[in-house]
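What the coordinates show
What follows is the residue order along each chain.
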Amino acid sequence: MKKIFLIAFSCILYTPLVFSQNTLSYTETEAHYNAGVELFEKKAYSAARKEFKNYVDLSSGSINPNKFNIANAEYYSAVSALYTNSLDADIEVHRFVLNHSEHPKAKIIFSDLGENFYEKGDYAKAVEYLSKAIEFRQDNIAIYELRFKLGVAYYQMGDYNKALTEFNYVKRTVAENAINAAYYAAVINFQNENFDDALVDLHRVENVNPYKIEVPNWIGQILYRQEKYDELLAYAEPIIANPNGRKTDEICMVAAEVLFFKDEFEKAAQYYDRFKVLRRGTVDPQLTFRHGYSLYKTEQHEKAIQVFKLIADREDELGQQAAYYLGISALSTGDLNSAMAAFDFARKTDFDLEIKEEATYNYIKVQIEQNNNETAITSLRDYVTAYPNGKYIDEANELMSEVLFETNDYEKAIGYIENLKRTTPKIDEAYQKLCYAQAVIDYNGENFEKAITYFEKAISKPVDRTLVQNAKFWKAESAYAADKPNVESLYKEITSSGTREQKNKSLYSLGYIYYNNEQYGQALNYFKDFLSSSSSAESQQSREDAQLRIADCYLIRKDFRNALNSYNEALEKNRADKDYALFQKGITLSFMGRKSEAQSTFDQFARIHENSRLFDDALFERGNLELEKNDYLSAITTLSEMLRKRPRSVLVPFALLKRALAYGNVENYDKAVSDYKILINRFGNHETANEALIGLRDIMNLTGRSEDFADIADEYQKNNPGSSSAVALQYDAAKNLYYTEKYSAAIPALKRFIQNNPTNANVKEARYLIAESYYFSDDNKSALPYFKDVAEDGQSQWAAKAAVRAANIQFDAGDYRNAVSDFQNVLSSSDSKRDQVAAWEGLFQSYYYLGDYENSIKYCRDAISDGGGVVIGIKNKAELYIGKCHLKRRDFTSAKAQFEKVIGMDKDVNGAEAKYLLGEILYESGKYEDAIKEMQSLAQDFGDYVTWYEKAFLLIADSYVGQKDYFMAKATLNSIVENSGNPETVDIAKAKLKNVPK
């Protein structure tokens, strides 16, 4: 060793120049290598690669190159190329492996290359180089990791079988990614439906982050697909109860599905609810349906509605079923609008015919509940046509009869029932009600013959005994009004079988029947029985009237003492008709020969009852008494006062005759002649005209003016030609045109008659018939002056009727001030209680529109007190207007109480309006939810009254806007636009739609 060393040392010593030159070259070349390593370690890969290339290039020309470092430099250069994404990196790697196959770095460079492509996401290249990296290499931790990455690369490329091979290999090792490999293997096995293998791997990772978040859903899906339902529930329910950060949407869903098909709907609904909250994306429609159905079965109807709405518009069998159950759920919550829309959809599709029929029938029932009766009638007819042997055919016919009843088209309903092949007890009950209701309408319309017919039909179906009894009573009332013979037998039946009130009214009517038949003894007994059996709680007006009729009976029977006592009792107790009682007292005293007391009574009358309709009678009677006492000047004064204050009185001809007689007795012949002439010229057909003619003749003879009398007599004869004259025939022909309802021909014929015969006694009637002809021709403008003329004349039997017509025409035209005047005229001129009630009604409405609420309420109370037994429904209307007056005065508490009273009285149009006004009060108070409920109640209880029904839904829309629920506001308004047959309502709804915020 020493020798060799010495030789070598010698060589070194003896070649100094050569060594010095080689050392310098070697040091310069190695500097590139060292610089490259230093730059590589600092990750300056581009600069490092340059140094390594310089080193390789310089080393290639070296006498003694460092082959080991050259190989290393080529390795580092190739790796630097990889790290800098150079295009020739893989070429350089292949060159290195080819040139240095035995180099240790050749064993790992494919790993580097594969991992590089793996990190860049180039999985095809990664697979290529990772496969080479593990080829022919022994297993170790590094190889396990490479295999894991190779598996991921295969997975990303969709080559799941090769990926599974790698994952299965790695998951059984101690590699760091063994757990990750197990998860990937589970996913692939799940996709391949190798559920048992998937379960093994999933259970391995179910408590490992981050997989424990997802794993329960995978396990739940597998158990569900394997139909291991009990095992699934045992696994799922504890996790659902305590998720502990794990995702449970899928496991909630499969657990819900299992429970649904086990009919355990309560838990199913809970898990579906949880699933719906957790799953934010699209949900399968079948799942949605089962969710909704579970809620429906557990009576969670509000939630069921929201779920079914998600799929209820689908044009398939599932959509039809969802719509049907949506409708049922909505019915349970009282949401009739949603129910009707849902049933409407379900009934229009043919996927499930049984559901189609059920939905059709339920759709009809909702329409009826909403009182949308016109469309319900159409729907019922469609159902009966489509399902003549349907499940609900009897129920449909029963509903039809009820709905037609509610629409007030009773005759159509009656005809429908009478044409049915079979009826049910419920239909018979409806028939009885319909006939009774139609009879009431005809009675109120004074069509008494028809009323009797329908009352008899109501009696023929004695389902409701109370209704039978009422029908019998009103049949008697109708027969009485129609002047039917033997009507007393009907009333006598009522007195033995009717209610207490009906018995009393029958006694009252029997009193009038015998009174009008001049059987005053029997009339007296019935009126007395009425007074003794009726109570003060009943009609005060009828009791007071009966008291007067008793007095009249005594008077007519010349039982003056009892008559006087009865009139005095009436003056003491009666609220109304005191003027009549006082007048009749004067007449009674006169008959008793107590002339001074009689005159004093008429004097008293004239002082305190100047506005009475009997004022002219009282003055006339006083004038008569003065004449009987030969106090002619006083008689002249009294009769002149009567003629001045009541120029249109029917007593004017009699008063003129009496005053002319008085003037003659005080030798004021000119005044006497004047009165006689006025009577003859103005009242030529009056019964007093002939007597006036004789009186005039006598005075003219007395005063030596006999020659003037002939002209007066000729004029009288000319104006009174006799009943068989051509004039009478002309008038009869004109009248016949009116009574045969040929109004367009009657008007000119009657006008010609008046023009040709201006002084004829029939002119007043002719003017009245012209007015009626215009009225029935719907030409109120032309009718009005004729009615007013007849009414203002006041001396004919048509004056009261003309006043009623004139008042109504002016009221309908909005001329309330003049309407008031004419309604007052009716009260002062008509003895008819029906006319008086009509006048009270006109007055309380007119004063309301004039803003005179005090007078409006006054006449409302008159109608309530005395009108109920004459016009059915008048009390309800009067009570309504009292409430409306309170509302106008902003007295909301009183108005609300009054409206509630009206609603409780009857389900008529007055109740509908009262209900609507209650809704308006709530809306104006900002109580929108209460307003909606009130209007929905209106739609349900008063749906036949279309005006208020539609106004109610407009107010519902406004209330939704007030709540800022713009969706429901638009839905409500769109429903109005689609379903209303009223163009005005549709226009209002469209206008409101434009103003609903988006």
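Computed from a predicted structure; not experimentally measured. (Residues numbered from 1 in each chain as written. Predicted model: local features only at pLDDT ≥ 70, side-chain atom pairs only at ≥ 80, totals over all residues. Heavy atoms only, no water.)

**Considerations on the overall build of the protein**
How we decide: Each helix corresponds to a stretch of at least 4 residues labelled H or I by DSSP, and each strand to a stretch of at least 2 residues labelled E; elements are numbered beginning at the N terminus. Note on classification: 1.4 Å probe, protein chains only; a residue is buried when its accessible area is under 20% of the maximum for its type, exposed when over 50%, partly exposed between these limits. Residues count as neighbours in contact if any of their non-hydrogen atoms are within 4.5 Å of one another. Note on areas: Shrake-Rupley with a 1.4 Å probe; residue coverage comes only from the protein chains shown. Think of it this way: Lys and Arg go in the positive column, Asp and Glu in the negative one, and His and the chain ends go nowhere. Charge positions come from single atoms, namely NZ of Lys, CZ of Arg, CG of Asp or CD of Glu.
The helix and strand tally for the protein stands at 54 helices and 0 strands. Seen through its principal axes, the protein has C-alpha atoms that stretch 205 × 60 × 55 Å. Counting the 998 residues in the protein, one finds 50% classified as buried. Across the protein, the fraction of contacts at a sequence separation of at least 24, relative to all contacts at a separation of at least 6, is 50%. On the protein, roughly 49400 Å² of surface is accessible, and the fraction owed to carbon and sulfur atoms is 48%. Across the protein, the centroid of the 121 positively charged side chains sits 2 Å from that of the 146 negatively charged ones.

**Remarks on the packing of aromatic side chains**
Using the following cut-off: Any two of the Phe, Tyr and Trp rings considered here, Trp counted by its six-membered ring, make a pair once their centres fall within 6.5 Å; the pair's planes then place it as stacked at under 30 degrees, edge-to-face at over 60, or tilted in between.
Per the counting criterion, the structure on display carries 71 aromatic pairs. Seen in terms of ring centroids, F167 and Y184 are 4.8 Å apart; in terms of plane orientation they differ by 15°. Their pairing is stacked. With F167 in helix α9 (residues 160-171) and Y184 in helix α10 (residues 178-191), this pair connects stretches of sequence that are 17 residues apart. Per residue, the accessibility class of F167 equals that of Y184, and both read buried. Between F844 and Y881, the ring centres sit 5.3 Å apart and the planes meet at 50°, which makes this aromatic pair tilted. Pair noted here: F844 is in helix α46 (residues 833-850) and Y881 is in helix α48 (residues 874-888), with a separation of 37 residues, a long-range link. F844 sits in the buried class, given a relative accessible area of 0%. Classification of Y881 as buried rests on a relative accessible area of 4%.

**Quick look at the packing of helix α41 (residues 743-756) against helix α42 (residues 763-776)**
Under the convention used in this document: All axes are obtained by fitting lines to C-alpha atoms, using only the stretch in contact for helices, and the reported angles, taken between N-to-C directions, cover 0 to 180 degrees. Roughly parallel here means an angle under 35 degrees, roughly antiparallel means over 145, roughly perpendicular means 65 to 115, and every remaining angle is called oblique. Left-handed describes a crossing whose near helix is turned anticlockwise from the far helix through less than a right angle; right-handed describes the clockwise counterpart. Amino acid classes used here: Ala, Val, Leu, Ile, Met, Phe, Trp, Tyr, Cys and Pro are nonpolar; Asp, Glu, Lys and Arg are charged; the rest, including Gly, are polar.
Interhelical geometry of α41 versus α42 gives an angle of 155° and a closest axis separation of 9 Å. In this view, α41 runs roughly antiparallel relative to α42, as classed from their interaxial angle. Seen along the crossing, α41 lies across α42 with a hand that is left-handed. Taken together, the residues of α42 that come into contact with α41 (itself represented by Y743, A746, I747, L750, K751, F753 and I754) are V763, A766, R767, L769, I770, S773, Y774 and F776. Partitioned by chemical class, the residues of the contact of α41 with α42 number 12 nonpolar, 1 polar and 2 charged.

**Details of the nonpolar core**
To keep things clear, this is the line we draw: Buried Ala, Val, Leu, Ile, Met, Phe, Trp, Tyr and Cys residues that are joined via side-chain atoms within 4.5 Å together make up what is termed a nonpolar core.
By size, the foremost hydrophobic cluster in this structure holds 111 residues, and its most contacted members are F167, F289, F308, Y324 and F343. Sequence-distant contacts of F167, that is, excluding residues within four places in its chain, are made with F148, G151, V152, Y155, A181, Y184, A185 and I188. If you look at the next biggest cluster of nonpolar residues, it comprises 75 residues, including L507, Y520, A606 and L679.

**A short note on the side chain of E950**
Where we set the bar: Should a side-chain nitrogen of Lys or Arg be within 4 Å of a carboxyl oxygen of Asp or Glu, the pair is scored as a salt bridge.
Structurally, E950 is set in helix α52 (residues 946-962). This buried residue, E950, is left without a salt bridge; K951 holds the nearest opposite charge, at 9.6 Å. Beyond its immediate sequence surroundings of up to four residues, E950 is in contact with S980, G981, N982 and T985.

**Some points on the environment of G664**
Mapped onto the elements of the fold, G664 is located in helix α36 (residues 652-665). Along the chain, G664 and I699 lie 35 residues apart, while their C-alpha atoms are 7.5 Å from each other. With sequence-adjacent residues up to four places away left out, G664 is seen in contact with Y669 and A672.

**Notes on helix α49 (residues 892-905)**
For clarity, the cut-off: What a helix is expected to span follows from its residue count: subtract one and scale by 1.5 Å. Taking the helix axis as origin, the arc is that swept by the directions to the C-beta atoms.
An ideal rise of 1.5 Å per residue puts 20 Å on 14 residues; α49 measures up with 20 Å between its terminal C-alpha atoms. All of the buried residues in α49 are A895, Q898, F899, V902 and I903. Taken end-on, α49 shows its buried residues confined to a sector of 140°, consistent with a single buried face. Projecting away from the buried face of α49 at angles above 90 degrees are the exposed residues T893 and G904. Structurally, α49 contributes buried residues whose contacts are with α48 and α50 (909-924).

**A word on the packing of helix α14 (residues 249-261) against helix α16 (residues 285-297)**
One way to put it is that α14 packs onto α16 with a least axis distance of 11 Å and a crossing angle of 60°. Regarding the angle of α14 to α16, the classification is oblique. Here the hand of the crossing between α14 and α16 comes out left-handed. Residue-level inspection shows M253, E257, F260 and F261 of α14 in contact with α16, the latter providing L287, R290, Y293 and S294. Here the contact of α14 with α16 is built from residues that sort into 5 nonpolar, 1 polar and 2 charged.

**With respect to the pattern of salt bridges**
Any two side chains of opposite charge can pair, on the condition that their charged atoms come close. In the structure shown here, the tally under the stated rule is 49 salt bridges. One salt bridge in this structure joins E250 and R279, with 2.1 Å as the shortest N-O distance. On the criterion of sequence distance, the pair formed by E250 in helix α14 and R279 in the loop between α15 (265-278) and α16 is long-range, its members being 29 residues apart. Connected via shared salt-bridge partners are D603, E610, R622, E641 and K645.

**Concerning the confidence of the model for the protein**
Spelled out, the test is: A score between 0 and 100, pLDDT records how confident the predictor is in each residue.
Averaged over every residue, the pLDDT of the protein is 84; the share at 70 or more is 92%. Taken element by element, the protein is modelled with least confidence in helix α1 (residues 2-14), mean pLDDT 31, and with most confidence in α36, mean pLDDT 94. Within the model, pLDDT remains below 50 along residues 1-25, and this stretch shows 1 contact once partners closer than five positions in the same chain are excluded.

**Describing the side chain of E145**
Residue placement: E145 occurs in helix α8 (residues 141-157). No salt bridge is formed by the buried E145; its nearest oppositely charged neighbour, K149, is found at 6.5 Å. The residues touching E145, leaving out its near neighbours within four places in the chain, are A175, E176 and N177.

**Regarding helix α29 (residues 520-533)**
With 14 residues, α29 extends 20 Å between its outermost C-alpha atoms, agreeing within 8% with the 20 Å of an ideal straight helix rising 1.5 Å per residue. Of the positions making up α29, those classed as buried are Y520, A523, L524, Y526, F527, F530 and L531. The inward-facing, buried residues of α29 contact α27 (487-497), α28 (500-516) and α30 (540-556).

**As for unusual backbone geometry**
Of all residues except glycine, most have a negative phi; of all peptide bonds, most are trans. Omega for the peptide link from N209 to P210 comes to 0°, which places this bond in the cis form. Along the polypeptide, P210 turns up in the loop between α11 (195-205) and α12 (215-225). One non-glycine residue, N244, lies in the positive phi region at around 50°. Residue position: N244 is located in the loop between α13 (229-241) and α14. Positive phi is not limited to glycine here, since K558 has a value of about 65°. Positionally, K558 belongs in the loop between α30 and α31 (560-573). Given a relative accessible area of 64%, K558 falls into the exposed group.

**Thoughts on the environment of L223**
By the element assignment, L223 lies in helix α12. We classify L223 as buried; its relative accessible area is 2%. As a C-alpha pair, L223 and V254 span 31 residues in sequence and 9.0 Å in three-dimensional space. Once residues lying within four places of it in the same chain are set aside, the contact partners of L223 are L199, K228, E231, L232 and Y235.

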